[in-house]
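Summary of the model geometry
The primary structure of each chain is shown beneath.
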Amino acid sequence: MKPIFSKSWVLILLFMLSGCTQNNGNIGPYFGLWKLSELTINGEADPAYHDNIVWKFQSAAISMIRILDHHESSDCYGTWKETDPKTLQMEFIYHDDSDPKGTWKYAPLPETHLPTGIFSLEIIHLSSKRMQLKYQKPDGTVYGYKLEKW
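Read on for a plain summary of the structure. Starting from 1, residues in each chain are numbered consecutively following that chain's sequence as written. Per-residue local features of the predicted model are confined to residues with pLDDT of at least 70, and side-chain atom pairs are confined, for both listing and counting, to 80 or more; whole-chain, interface and lining totals are unaffected and use all residues. Only hydrogens and water are set aside; all other atoms, that is, all heavy atoms of the structure, feed into the side-chain values.

A few words on the nonpolar core. Grouped together as the largest cluster of nonpolar side chains are 27 residues, with contacts concentrated most on Trp55, Phe57, Leu88, Met90, Leu121, Leu133 and Tyr145. The helix count covers DSSP runs of H or I at least four residues long, the strand count covers runs of E at least two residues long, and both are numbered beginning at the N terminus. Going through the elements one at a time, strand S1 (32-41), strand S3 (53-58), strand S4 (61-67), strand S5 (73-84), strand S6 (87-92), strand S7 (117-126), strand S8 (130-136) and strand S9 (142-149) are the ones with two or more residues in this core. We call two residues in contact whenever any of their non-hydrogen atoms come within 4.5 Å of each other. Those residues in contact with Leu133 that sit more than four places away from it in its chain are Trp55, Leu88, Leu121, Glu122, Ile123, Ile124, Tyr143, Gly144, Tyr145 and Leu147. For this analysis, a nonpolar core means a set of buried residues of the types Ala, Val, Leu, Ile, Met, Phe, Trp, Tyr and Cys, connected via side-chain atoms within 4.5 Å. Partly exposed residues are those whose accessible area sits between 20% and 50% of the maximum for their type, while under 20% is buried and over 50% is exposed, using a 1.4 Å probe and protein chains only.

Looking now at the side chain of Thr112. On the secondary structure map, Thr112 appears in the loop between S6 and S7. Every residue in contact with Thr112, bar those within four places of it in the chain, is listed here: Leu39, Ile53, Trp55, Met64 and Tyr145.

Let us look at the pairing of S8. Looking along a regular strand, one sees the side chains alternate between the two faces of the sheet. Burial along S8 is one-sided: the face carrying Met131, Leu133 and Tyr135 is buried and the face carrying Arg130, Gln132, Lys134 and Gln136 is not. Bridge count for S7 against S8 is 4 bridges, and the pairing is antiparallel. Across the sheet, the residue bridging to His125 is Gln132, located in S8. Of the strand pairs in this sheet, S8 and S9 are connected by 7 bridges, and their pairing is antiparallel. When the sheet's bridge partners are listed, Tyr135 is paired in S9 with Tyr143. Counting the residues between successive antiparallel strands, the hairpin from S8 to S9 contains 5 residues, one of them, Gly140, with a positive phi of roughly 100°. If DSSP finds at least two bridges between two strands, the strands pair.

When the centres of two rings from Phe, Tyr and Trp lie within 6.5 Å, Trp using its six-membered ring, the rings pair. Their planes under 30 degrees apart give stacked, over 60 give edge-to-face, and anything left gives tilted. The tally for this structure, following the rule as stated, stands at 6 aromatic pairs. With 5.6 Å between their ring centres and 45° between their planes, Tyr30 and Phe57 make a pair best called tilted. Taken as a pair, Tyr30 in the loop between helix H1 (2-17) and S1 and Phe57 in strand S3 lie far apart in primary sequence, 27 residues in all. Among the residues examined, Tyr30 registers a relative accessible area of 3% and is labelled buried. Relative to Tyr135, the ring of Phe119 lies with its centre 5.8 Å away and its plane at 70°, an arrangement referred to as edge-to-face. With Phe119 in strand S7 and Tyr135 in strand S8, this residue pair connects regions lying 16 residues apart in the sequence. Residue Phe119 shares its accessibility class with Tyr135, and that shared class is buried.

The quantities given are spatial measurements derived from coordinates; they are silent on function.
This is the structure we're talking about:
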């Protein structure tokens, strides 16, 4: 009786560990946590960036997370899609019952200099370990984002 009981637990454990981690299918190299390792403005390092932001991709959702002191964090949420091999479109247009559209919870973190609403980032480089993106504001200012898989 004991061997049957042990084998049952092994089977249950295997089923639990083989669960889905990528909701709605494989999204390629985007899936997971990406640390924003470098933020530039017109090619120069942004002195106000404190090296404390991660982007998290899962399914069509993105969250940007600012890591604060004492293991605290603040998150914002949007959606994303790769519209072509060189373009990553993001949408920060959502709301809920207590947070209207465009409030902190549904707008990119201010440190990223990205706008609320729908915008596109140019994909300069994308691999399973590194991503480099570029955003150009209407006034001509160019922001560069280097992200590393975390």
